[in-house]
Amino acid sequence: MVSSDGWKHMYCSVLCFTSLLFSSQYSAVDTNPLSVYVMQPIWNKIIKIVPLWIAPNLLTFSGFVMILINYFLISFYDWDYTASGTSPGRVPTWVWLFSAFTTFCAYALDSIDGKHARRTQSSSPLGELFDHGLDSWATSIFALSFFSVCSQDNGKTGVSVYTMYMYLSIVLFNFMCSHWEKYNTGVLFLPWGYDLSQVLITAYLLTGIVGVEVWQKPFLFGYYITDVLVILLIGKCLDPWRTSPAHLRKTLKNDSLYEGLLPLVSPLLLFMLLTVWVVLSPGNILAKQPRLFLWMVGVTFSNVTCKVIICQMSSTQPELLHWFLFPLALVVYAAISGLLGQAEEAVLGAFTALVTAAHVHYGVCVGRQLSEHFNIYIFSLKKRVQE
(Lines give C-alpha, C1' and ligand atoms only; values in the text may rest on other atoms or scores of the structure.)
Protein backbone atom coordinates (compact mmCIF):
# COMPACT_ATOMS: atom_id res chain seq x y z
CA MET A 1 0.00 0.00 0.00
CA VAL A 2 1.14 3.53 -0.73
CA SER A 3 1.16 5.87 2.26
CA SER A 4 -1.17 8.87 2.44
CA ASP A 5 1.85 11.18 2.15
CA GLY A 6 2.86 9.34 -1.02
CA TRP A 7 -0.57 9.82 -2.57
CA LYS A 8 -0.59 13.48 -1.54
CA HIS A 9 2.85 13.97 -3.10
CA MET A 10 1.73 12.30 -6.32
CA TYR A 11 -1.50 14.34 -6.49
CA CYS A 12 0.34 17.63 -5.95
CA SER A 13 2.85 16.69 -8.62
CA VAL A 14 0.03 15.97 -11.06
CA LEU A 15 -1.52 19.39 -10.44
CA CYS A 16 1.79 21.10 -11.13
CA PHE A 17 1.79 19.69 -14.66
CA THR A 18 -0.91 22.20 -15.68
CA SER A 19 1.39 25.20 -15.61
CA LEU A 20 4.27 23.22 -17.09
CA LEU A 21 2.17 22.24 -20.08
CA PHE A 22 2.16 25.87 -21.25
CA SER A 23 5.31 27.28 -19.65
CA SER A 24 8.01 24.70 -20.38
CA GLN A 25 9.31 22.71 -23.29
CA TYR A 26 10.96 19.31 -23.26
CA SER A 27 14.71 19.85 -23.60
CA ALA A 28 17.19 17.08 -24.37
CA VAL A 29 20.72 16.93 -25.76
CA ASP A 30 22.16 13.94 -27.60
CA THR A 31 25.89 14.24 -28.42
CA ASN A 32 26.54 10.64 -29.43
CA PRO A 33 28.00 10.73 -32.99
CA LEU A 34 26.46 7.35 -33.80
CA SER A 35 23.04 8.63 -32.87
CA VAL A 36 23.40 12.06 -34.49
CA TYR A 37 24.93 11.04 -37.81
CA VAL A 38 23.69 7.47 -38.34
CA MET A 39 20.56 6.59 -36.40
CA GLN A 40 18.66 9.88 -36.46
CA PRO A 41 18.52 9.98 -40.29
CA ILE A 42 17.16 6.42 -40.20
CA TRP A 43 14.47 7.32 -37.67
CA ASN A 44 13.49 10.35 -39.74
CA LYS A 45 12.76 8.04 -42.66
CA ILE A 46 10.93 5.41 -40.59
CA ILE A 47 8.66 7.98 -38.95
CA LYS A 48 7.22 8.92 -42.34
CA ILE A 49 5.57 5.50 -42.74
CA VAL A 50 3.83 5.58 -39.34
CA PRO A 51 0.09 6.34 -39.79
CA LEU A 52 -0.98 9.67 -38.33
CA TRP A 53 -3.88 8.11 -36.40
CA ILE A 54 -1.53 6.06 -34.18
CA ALA A 55 -0.94 7.58 -30.73
CA PRO A 56 2.75 8.14 -29.80
CA ASN A 57 2.23 6.38 -26.45
CA LEU A 58 1.09 3.31 -28.34
CA LEU A 59 4.47 3.19 -30.07
CA THR A 60 6.23 3.55 -26.73
CA PHE A 61 4.18 0.83 -25.06
CA SER A 62 4.51 -1.55 -28.02
CA GLY A 63 8.29 -1.32 -27.79
CA PHE A 64 8.20 -2.04 -24.05
CA VAL A 65 5.93 -5.05 -24.56
CA MET A 66 8.38 -6.46 -27.10
CA ILE A 67 11.19 -6.12 -24.55
CA LEU A 68 9.09 -7.96 -21.97
CA ILE A 69 8.18 -10.77 -24.37
CA ASN A 70 11.83 -11.22 -25.24
CA TYR A 71 12.83 -11.25 -21.56
CA PHE A 72 10.27 -13.87 -20.55
CA LEU A 73 11.10 -16.01 -23.58
CA ILE A 74 14.80 -16.07 -22.68
CA SER A 75 13.89 -16.70 -19.03
CA PHE A 76 11.90 -19.77 -20.07
CA TYR A 77 14.99 -21.36 -21.63
CA ASP A 78 17.55 -19.92 -19.21
CA TRP A 79 16.12 -19.15 -15.78
CA ASP A 80 19.39 -19.44 -13.85
CA TYR A 81 21.76 -17.94 -16.46
CA THR A 82 23.55 -21.23 -17.16
CA ALA A 83 22.14 -22.24 -20.55
CA SER A 84 24.92 -20.52 -22.52
CA GLY A 85 27.70 -21.95 -20.37
CA THR A 86 27.87 -25.20 -22.33
CA SER A 87 28.72 -25.92 -25.96
CA PRO A 88 26.33 -25.95 -27.72
CA GLY A 89 24.04 -23.74 -25.62
CA ARG A 90 20.59 -24.86 -24.55
CA VAL A 91 18.82 -21.78 -25.92
CA PRO A 92 17.53 -22.36 -29.50
CA THR A 93 19.10 -20.30 -32.27
CA TRP A 94 15.77 -18.77 -33.24
CA VAL A 95 15.45 -17.25 -29.76
CA TRP A 96 18.66 -15.21 -30.22
CA LEU A 97 17.54 -14.05 -33.66
CA PHE A 98 14.13 -13.13 -32.22
CA SER A 99 15.94 -11.20 -29.46
CA ALA A 100 17.85 -9.19 -32.06
CA PHE A 101 14.60 -8.41 -33.88
CA THR A 102 12.63 -7.35 -30.78
CA THR A 103 15.53 -5.27 -29.44
CA PHE A 104 15.83 -3.39 -32.72
CA CYS A 105 12.07 -2.82 -32.92
CA ALA A 106 11.92 -1.61 -29.31
CA TYR A 107 14.87 0.72 -29.88
CA ALA A 108 13.29 2.08 -33.06
CA LEU A 109 9.87 2.63 -31.50
CA ASP A 110 11.41 4.38 -28.49
CA SER A 111 13.39 6.63 -30.83
CA ILE A 112 10.48 7.70 -33.02
CA ASP A 113 7.70 8.13 -30.45
CA GLY A 114 8.74 11.70 -29.63
CA LYS A 115 9.13 12.57 -33.31
CA HIS A 116 5.66 11.16 -33.97
CA ALA A 117 4.21 13.19 -31.08
CA ARG A 118 5.56 16.42 -32.57
CA ARG A 119 4.41 15.29 -36.03
CA THR A 120 0.83 14.78 -34.78
CA GLN A 121 0.98 17.81 -32.46
CA SER A 122 0.13 15.59 -29.50
CA SER A 123 3.17 16.21 -27.27
CA SER A 124 2.26 16.34 -23.58
CA PRO A 125 3.76 15.84 -20.11
CA LEU A 126 1.84 12.53 -20.04
CA GLY A 127 3.77 11.32 -23.08
CA GLU A 128 7.10 12.46 -21.68
CA LEU A 129 6.48 10.74 -18.35
CA PHE A 130 5.15 7.61 -20.05
CA ASP A 131 8.25 7.41 -22.25
CA HIS A 132 10.85 8.00 -19.52
CA GLY A 133 8.96 5.88 -16.99
CA LEU A 134 8.99 2.83 -19.26
CA ASP A 135 12.61 3.55 -20.19
CA SER A 136 13.57 3.39 -16.51
CA TRP A 137 12.21 -0.16 -16.35
CA ALA A 138 13.35 -1.26 -19.81
CA THR A 139 16.93 -0.31 -18.96
CA SER A 140 17.23 -3.15 -16.46
CA ILE A 141 15.31 -5.61 -18.66
CA PHE A 142 17.76 -5.02 -21.53
CA ALA A 143 20.66 -5.90 -19.22
CA LEU A 144 18.94 -8.93 -17.65
CA SER A 145 18.21 -10.39 -21.07
CA PHE A 146 21.78 -9.87 -22.24
CA PHE A 147 23.18 -11.70 -19.19
CA SER A 148 21.86 -14.92 -20.72
CA VAL A 149 24.34 -14.42 -23.55
CA CYS A 150 27.23 -14.01 -21.10
CA SER A 151 26.16 -16.96 -18.94
CA GLN A 152 26.88 -17.47 -15.26
CA ASP A 153 30.44 -18.34 -14.30
CA ASN A 154 31.01 -22.09 -14.53
CA GLY A 155 34.69 -22.09 -13.64
CA LYS A 156 35.88 -21.80 -17.24
CA THR A 157 33.78 -19.11 -18.91
CA GLY A 158 31.02 -16.68 -18.07
CA VAL A 159 30.68 -13.95 -15.46
CA SER A 160 29.77 -14.31 -11.80
CA VAL A 161 26.35 -13.28 -10.54
CA TYR A 162 28.07 -10.65 -8.41
CA THR A 163 29.60 -9.17 -11.54
CA MET A 164 26.13 -9.15 -13.13
CA TYR A 165 24.84 -7.24 -10.11
CA MET A 166 27.66 -4.72 -10.43
CA TYR A 167 27.06 -4.23 -14.16
CA LEU A 168 23.33 -3.77 -13.63
CA SER A 169 24.00 -1.21 -10.90
CA ILE A 170 26.25 0.77 -13.24
CA VAL A 171 23.58 0.83 -15.95
CA LEU A 172 20.81 1.88 -13.55
CA PHE A 173 22.95 4.51 -11.84
CA ASN A 174 23.86 5.96 -15.22
CA PHE A 175 20.17 6.27 -16.15
CA MET A 176 19.34 7.74 -12.76
CA CYS A 177 22.11 10.35 -13.03
CA SER A 178 20.72 11.57 -16.36
CA HIS A 179 17.40 12.45 -14.75
CA TRP A 180 19.03 13.73 -11.58
CA GLU A 181 20.98 16.07 -13.83
CA LYS A 182 17.79 17.22 -15.53
CA TYR A 183 16.29 17.84 -12.09
CA ASN A 184 19.14 20.26 -11.43
CA THR A 185 19.70 21.74 -14.91
CA GLY A 186 16.35 21.46 -16.72
CA VAL A 187 18.03 19.68 -19.63
CA LEU A 188 18.16 15.93 -20.21
CA PHE A 189 21.59 14.96 -21.49
CA LEU A 190 21.19 11.54 -23.07
CA PRO A 191 24.11 9.33 -22.01
CA TRP A 192 26.06 7.64 -24.75
CA GLY A 193 25.12 4.37 -23.08
CA TYR A 194 21.57 4.99 -24.35
CA ASP A 195 22.67 3.51 -27.68
CA LEU A 196 23.94 0.37 -25.98
CA SER A 197 20.94 -1.50 -27.40
CA GLN A 198 22.68 -1.39 -30.78
CA VAL A 199 25.51 -3.39 -29.23
CA LEU A 200 22.96 -5.86 -27.85
CA ILE A 201 21.44 -6.32 -31.30
CA THR A 202 24.88 -7.21 -32.68
CA ALA A 203 25.53 -9.58 -29.75
CA TYR A 204 22.24 -11.43 -30.28
CA LEU A 205 22.85 -11.75 -34.02
CA LEU A 206 26.40 -12.99 -33.42
CA THR A 207 25.15 -15.57 -30.91
CA GLY A 208 22.40 -16.75 -33.25
CA ILE A 209 24.69 -17.07 -36.26
CA VAL A 210 27.96 -18.29 -34.71
CA GLY A 211 26.70 -19.81 -31.45
CA VAL A 212 27.46 -19.25 -27.78
CA GLU A 213 30.98 -20.55 -28.37
CA VAL A 214 31.99 -17.07 -29.52
CA TRP A 215 31.69 -15.88 -25.91
CA GLN A 216 33.70 -18.80 -24.52
CA LYS A 217 37.00 -18.06 -26.24
CA PRO A 218 39.52 -15.30 -25.45
CA PHE A 219 39.12 -12.39 -27.84
CA LEU A 220 42.21 -10.23 -27.34
CA PHE A 221 45.16 -10.46 -24.90
CA GLY A 222 43.30 -13.07 -22.88
CA TYR A 223 40.15 -10.95 -22.54
CA TYR A 224 36.76 -12.23 -23.59
CA ILE A 225 34.28 -10.31 -25.73
CA THR A 226 32.09 -9.84 -22.66
CA ASP A 227 34.97 -7.95 -21.00
CA VAL A 228 35.22 -5.67 -24.03
CA LEU A 229 31.47 -4.98 -23.93
CA VAL A 230 31.64 -4.05 -20.25
CA ILE A 231 34.51 -1.63 -20.90
CA LEU A 232 32.44 -0.17 -23.74
CA LEU A 233 29.46 0.18 -21.41
CA ILE A 234 31.42 2.04 -18.74
CA GLY A 235 33.10 4.21 -21.34
CA LYS A 236 29.75 5.17 -22.87
CA CYS A 237 28.54 6.25 -19.43
CA LEU A 238 31.34 8.82 -19.18
CA ASP A 239 30.06 11.36 -21.68
CA PRO A 240 32.44 14.36 -21.40
CA TRP A 241 29.75 16.87 -22.42
CA ARG A 242 27.35 16.06 -19.61
CA THR A 243 30.08 16.06 -16.94
CA SER A 244 31.49 19.47 -17.85
CA PRO A 245 31.53 21.75 -14.73
CA ALA A 246 31.32 24.86 -16.91
CA HIS A 247 28.20 23.57 -18.56
CA LEU A 248 26.62 22.75 -15.22
CA ARG A 249 27.30 26.25 -13.91
CA LYS A 250 25.46 27.73 -16.87
CA THR A 251 22.33 25.65 -16.43
CA LEU A 252 22.10 24.95 -12.70
CA LYS A 253 18.56 25.46 -11.35
CA ASN A 254 19.02 24.66 -7.67
CA ASP A 255 21.33 26.84 -5.59
CA SER A 256 20.77 24.71 -2.50
CA LEU A 257 23.20 21.80 -2.15
CA TYR A 258 20.64 19.90 -0.06
CA GLU A 259 17.91 20.23 -2.66
CA GLY A 260 20.30 19.38 -5.47
CA LEU A 261 21.47 16.15 -3.82
CA LEU A 262 18.08 15.15 -2.38
CA PRO A 263 17.05 12.92 -5.35
CA LEU A 264 20.16 10.78 -4.80
CA VAL A 265 19.41 9.85 -1.19
CA SER A 266 16.87 7.08 -1.84
CA PRO A 267 18.78 5.49 -4.77
CA LEU A 268 22.01 5.39 -2.74
CA LEU A 269 20.29 3.92 0.32
CA LEU A 270 18.53 1.41 -1.91
CA PHE A 271 21.84 0.33 -3.44
CA MET A 272 23.42 0.05 0.01
CA LEU A 273 20.63 -2.14 1.38
CA LEU A 274 20.65 -4.40 -1.67
CA THR A 275 24.42 -4.73 -1.55
CA VAL A 276 24.34 -5.62 2.15
CA TRP A 277 21.80 -8.36 1.36
CA VAL A 278 23.96 -9.67 -1.48
CA VAL A 279 27.18 -9.72 0.53
CA LEU A 280 25.88 -10.89 3.93
CA SER A 281 23.10 -13.29 2.91
CA PRO A 282 23.59 -16.56 4.84
CA GLY A 283 21.89 -18.50 2.06
CA ASN A 284 23.79 -16.73 -0.75
CA ILE A 285 20.51 -15.48 -2.18
CA LEU A 286 21.96 -13.91 -5.32
CA ALA A 287 23.63 -17.16 -6.39
CA LYS A 288 20.48 -19.20 -5.71
CA GLN A 289 17.98 -16.86 -7.37
CA PRO A 290 19.96 -14.52 -9.64
CA ARG A 291 17.18 -13.76 -12.11
CA LEU A 292 14.57 -13.08 -9.43
CA PHE A 293 16.90 -10.91 -7.36
CA LEU A 294 18.14 -8.86 -10.32
CA TRP A 295 14.55 -8.37 -11.54
CA MET A 296 13.67 -6.99 -8.11
CA VAL A 297 16.67 -4.64 -8.26
CA GLY A 298 15.51 -3.31 -11.63
CA VAL A 299 11.91 -2.76 -10.51
CA THR A 300 12.82 -0.95 -7.29
CA PHE A 301 15.29 1.35 -9.03
CA SER A 302 12.71 2.06 -11.74
CA ASN A 303 10.11 3.15 -9.22
CA VAL A 304 12.56 5.38 -7.36
CA THR A 305 13.64 6.92 -10.67
CA CYS A 306 10.03 7.51 -11.73
CA LYS A 307 9.48 9.57 -8.59
CA VAL A 308 12.52 11.70 -9.49
CA ILE A 309 11.26 12.11 -13.07
CA ILE A 310 7.90 13.37 -11.81
CA CYS A 311 9.63 15.83 -9.48
CA GLN A 312 11.91 17.22 -12.18
CA MET A 313 8.97 17.59 -14.57
CA SER A 314 6.72 19.26 -11.99
CA SER A 315 9.44 21.32 -10.25
CA THR A 316 8.60 19.75 -6.89
CA GLN A 317 10.93 18.50 -4.18
CA PRO A 318 11.28 14.69 -3.96
CA GLU A 319 10.63 12.80 -0.76
CA LEU A 320 13.71 12.11 1.33
CA LEU A 321 13.06 8.36 1.80
CA HIS A 322 11.20 6.22 -0.70
CA TRP A 323 8.68 3.92 0.99
CA PHE A 324 10.28 0.82 -0.63
CA LEU A 325 13.24 1.35 1.71
CA PHE A 326 11.27 0.46 4.85
CA PRO A 327 10.03 -3.05 3.94
CA LEU A 328 13.36 -3.72 2.20
CA ALA A 329 15.28 -2.79 5.35
CA LEU A 330 13.14 -5.22 7.37
CA VAL A 331 13.68 -8.01 4.84
CA VAL A 332 17.42 -7.41 4.68
CA TYR A 333 17.72 -7.39 8.48
CA ALA A 334 15.70 -10.58 8.81
CA ALA A 335 17.78 -12.24 6.11
CA ILE A 336 21.29 -11.37 7.30
CA SER A 337 20.43 -12.01 10.95
CA GLY A 338 19.31 -15.53 10.12
CA LEU A 339 15.68 -15.01 11.14
CA LEU A 340 14.42 -16.07 7.70
CA GLY A 341 16.48 -19.25 7.53
CA GLN A 342 15.26 -21.48 4.72
CA ALA A 343 12.45 -19.05 3.94
CA GLU A 344 14.81 -16.44 2.46
CA GLU A 345 14.05 -17.43 -1.14
CA ALA A 346 10.30 -17.43 -0.49
CA VAL A 347 10.50 -13.98 1.13
CA LEU A 348 12.50 -12.71 -1.86
CA GLY A 349 9.74 -13.99 -4.14
CA ALA A 350 7.04 -12.31 -2.05
CA PHE A 351 8.92 -9.01 -1.85
CA THR A 352 9.58 -9.08 -5.60
CA ALA A 353 5.89 -9.64 -6.27
CA LEU A 354 5.02 -6.78 -3.89
CA VAL A 355 7.32 -4.18 -5.46
CA THR A 356 6.39 -5.25 -9.01
CA ALA A 357 2.66 -4.94 -8.28
CA ALA A 358 3.21 -1.63 -6.48
CA HIS A 359 5.25 -0.29 -9.40
CA VAL A 360 2.62 -1.23 -11.98
CA HIS A 361 -0.14 0.17 -9.74
CA TYR A 362 1.74 3.45 -9.32
CA GLY A 363 2.25 3.80 -13.06
CA VAL A 364 -1.41 3.09 -13.84
CA CYS A 365 -2.64 5.58 -11.23
CA VAL A 366 -0.33 8.38 -12.36
CA GLY A 367 -1.19 7.74 -16.01
CA ARG A 368 -4.91 7.75 -15.27
CA GLN A 369 -4.76 10.99 -13.27
CA LEU A 370 -2.75 12.75 -15.96
CA SER A 371 -5.10 11.46 -18.65
CA GLU A 372 -8.13 12.83 -16.80
CA HIS A 373 -6.38 16.09 -15.91
CA PHE A 374 -5.38 16.90 -19.50
CA ASN A 375 -8.57 15.45 -20.98
CA ILE A 376 -6.64 13.08 -23.27
CA TYR A 377 -6.45 9.32 -23.73
CA ILE A 378 -3.18 7.50 -23.18
CA PHE A 379 -3.39 5.30 -26.29
CA SER A 380 -5.55 7.43 -28.56
CA LEU A 381 -5.33 10.85 -30.20
CA LYS A 382 -8.99 11.49 -29.48
CA LYS A 383 -9.97 13.90 -26.70
CA ARG A 384 -11.79 12.57 -23.69
CA VAL A 385 -15.48 13.39 -23.47
CA GLN A 386 -16.17 15.82 -20.63
CA GLU A 387 -18.68 14.40 -18.16
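Because the structure is a prediction, the values reported are computed rather than measured.

Trainee: Even after reading the chapter, I still don't get the packing of helix H5 (residues 125-150) against helix H15 (residues 344-374), so can you show me in this structure?
Mentor: In helix packing, the relevant descriptors are the interaxial angle and the interaxial distance, both defined with respect to the helix axes. Closest axis-to-axis distance for the H5/H15 pair is 10 Å, and the angle between their directions is 170 degrees. In this view, H5 runs roughly antiparallel relative to H15, as classed from their interaxial angle. Across from Pro125, Leu126, Leu129 and Trp137 in H5, the residues of H15 making contact are Thr356, His359, Val360, Val366, Gly367, Leu370, Ser371 and Phe374. In terms of residue class, the contact of H5 with H15 is made up of eight nonpolar, four polar and no charged.

Trainee: Could you clarify how one ought to interpret the pattern of salt bridges in this entry?
Mentor: Between side chains of opposite charge, pairing is possible as soon as their charged atoms come close. Under the defined criterion, the tally for this structure stands at two salt bridges. The salt bridge involving Lys182 is made with Glu128; its shortest N-O contact spans 2.7 Å. Taken as a pair, Lys182 in helix H6 (residues 161-185) and Glu128 in helix H5 lie far apart in primary sequence, 54 residues in all. Between Lys307 and Glu319 there is a salt bridge whose closest N-O contact spans 3.3 Å. A residue pair is termed long-range when its members are at least 10 positions apart, and Lys307 in helix H13 (residues 290-314) and Glu319 in the loop between H13 and helix H14 (325-336) qualify at twelve residues. Lys307 sits in the buried class, given a relative accessible area of 10%.

Trainee: Mind showing me how you'd approach the layout of surface pockets here?
Mentor: The probe, sized like a water molecule, is rolled over the atoms to show the empty space still left. Taken as a whole, the second largest pocket encloses approximately 470 Å³ of empty space. Forming the walls of the second largest pocket are 21 residues, and the residues nearest its centre are Phe130, Leu134, Val360, Gly363 and Val364. Secondary-structure elements contributing two or more residues to the lining of the second largest pocket are helix H3 (56-77), H5, H13 and H15. Residue contributions to the lining of the second largest pocket peak at nine residues, all from H15. Classifying every residue of the lining of the second largest pocket gives 16 nonpolar, four polar and one charged.

Trainee: Would you take a moment to explain the environment of Pro282 for this structure?
Mentor: Take Pro282: it is sitting in the loop between helix H11 (265-280) and helix H12 (285-288). Of the residues examined, Pro282 reaches a relative accessible area of 57% and is grouped as exposed. The spatial distance from the C-alpha of Pro282 to the C-alpha of Gln342 is 9.7 Å, given a sequence separation of 60 residues. In this structure Pro282 touches Ala335, Ile336 and Glu344, once residues within four positions along its chain are discounted.

Trainee: Just checking my understanding: could you explain the nonpolar core for this structure?
Mentor: Most often, soluble globular proteins have nonpolar side chains that are buried together. Core analysis: the largest hydrophobic core is formed by 67 residues, its most contacted members being Phe147, Leu274, Trp277, Phe293 and Leu294. In terms of residue count, H5 provides more of this core than any other element does, twelve residues in total. Beyond its immediate sequence surroundings of up to four residues, Phe293 is in contact with Tyr165, Leu274, Trp277, Val278, Ile285, Leu286 and Leu348. The next biggest cluster of nonpolar side chains, apart from the first, holds twelve residues, and it includes Met39, Ile47, Leu59 and Ala108.

Trainee: What should I look at first to understand H5 in this one?
Mentor: Because each turn of an α-helix spans 3.6 residues, side chains separated by three or four positions in sequence point in the same direction. With 26 residues, H5 should cover 38 Å at 1.5 Å per step; its first-to-last C-alpha distance of 38 Å lies within 8% of that length. In terms of burial, H5 is a largely internal element, 26 of the 26 residues being buried. Looking at the residues trailing H5, positive phi occurs at Ser151, about 75 degrees.

Trainee: Could you clarify how one ought to interpret helix H4 (residues 93-119) in this entry?
Mentor: For H4, spanning 27 residues, the distance from its first C-alpha to its last is 39 Å, which sits close to the expected 39 Å at 1.5 Å a residue. Of all the bends in H4, the greatest measures close to 35 degrees and is centred on Asp113.

Trainee: Got a minute to help me understand the UniProt feature "transmembrane region" (unreviewed entry) in the chain in this structure?
Mentor: When the UniProt feature table is mapped onto this chain, "transmembrane region" (unreviewed entry) is found at residues 58-79, 91-109, 159-176, 196-214, 221-241, 261-280, 292-315 and 321-341. A distance of 25 Å separates the end C-alpha atoms of residues 159-176, which is 89% helix and 0% strand. Here residues 321-341 runs as 57% helix and 0% strand, with 28 Å between its end C-alpha atoms.

Trainee: Sorry if this is basic, but what is going on with the packing of H4 against H5 here?
Mentor: The contact between H4 and H5 brings their axes to 12 Å, and the two run at 160 degrees. In terms of axis orientation, H4 runs roughly antiparallel to H5. The way H4 lies across H5 gives a crossing that is left-handed. Contact with H4, carried on its side by Trp96, Thr103, Asp110 and Asp113, involves Asp131, Asp135, Phe142, Ser148 and Val149 of H5 and no other residues of that element. Grouping the constituent residues of the contact of H4 with H5 by class yields three nonpolar, two polar and four charged.

Conventions adopted
- Residues numbered from 1 in each chain as written.
- Predicted model: local features only at pLDDT ≥ 70, side-chain atom pairs only at ≥ 80, totals over all residues.
- Heavy atoms only, no water.
- Axes fitted to C-alpha atoms, helices over the stretch in contact; angles between N-to-C directions.
- Helix = DSSP H or I, 4+ residues; strand = E, 2+ residues; numbered from the N terminus.
- Parallel < 35°, antiparallel > 145°, perpendicular 65-115°, else oblique.
- Contact = heavy atoms within 4.5 Å.
- Nonpolar A, V, L, I, M, F, W, Y, C, P; charged D, E, K, R; others polar.
- Salt bridge = Lys/Arg side-chain N within 4 Å of Asp/Glu carboxyl O.
- Buried < 20%, exposed > 50% of the residue type's maximum accessible area, 1.4 Å probe, protein only.
- 1 Å grid on protein atoms, 1.4 Å probe; cavity = no way out; pocket = protein on both sides within 12 Å on 5 of 7 lines; lining within 4 Å.
- Points joined across faces, edges and corners; volume = space filled by probe spheres on them.
- Core = buried A, V, L, I, M, F, W, Y, C linked by side-chain atoms within 4.5 Å.
- Expected span 1.5 Å × (residues − 1).
- Bend = angle between axes of the 7 residues up to and from the residue.
- UniProt positions renumbered as here; feature names shortened; annotations may be inferred.
- Left-handed = near helix turned anticlockwise from the far one by under 90°.

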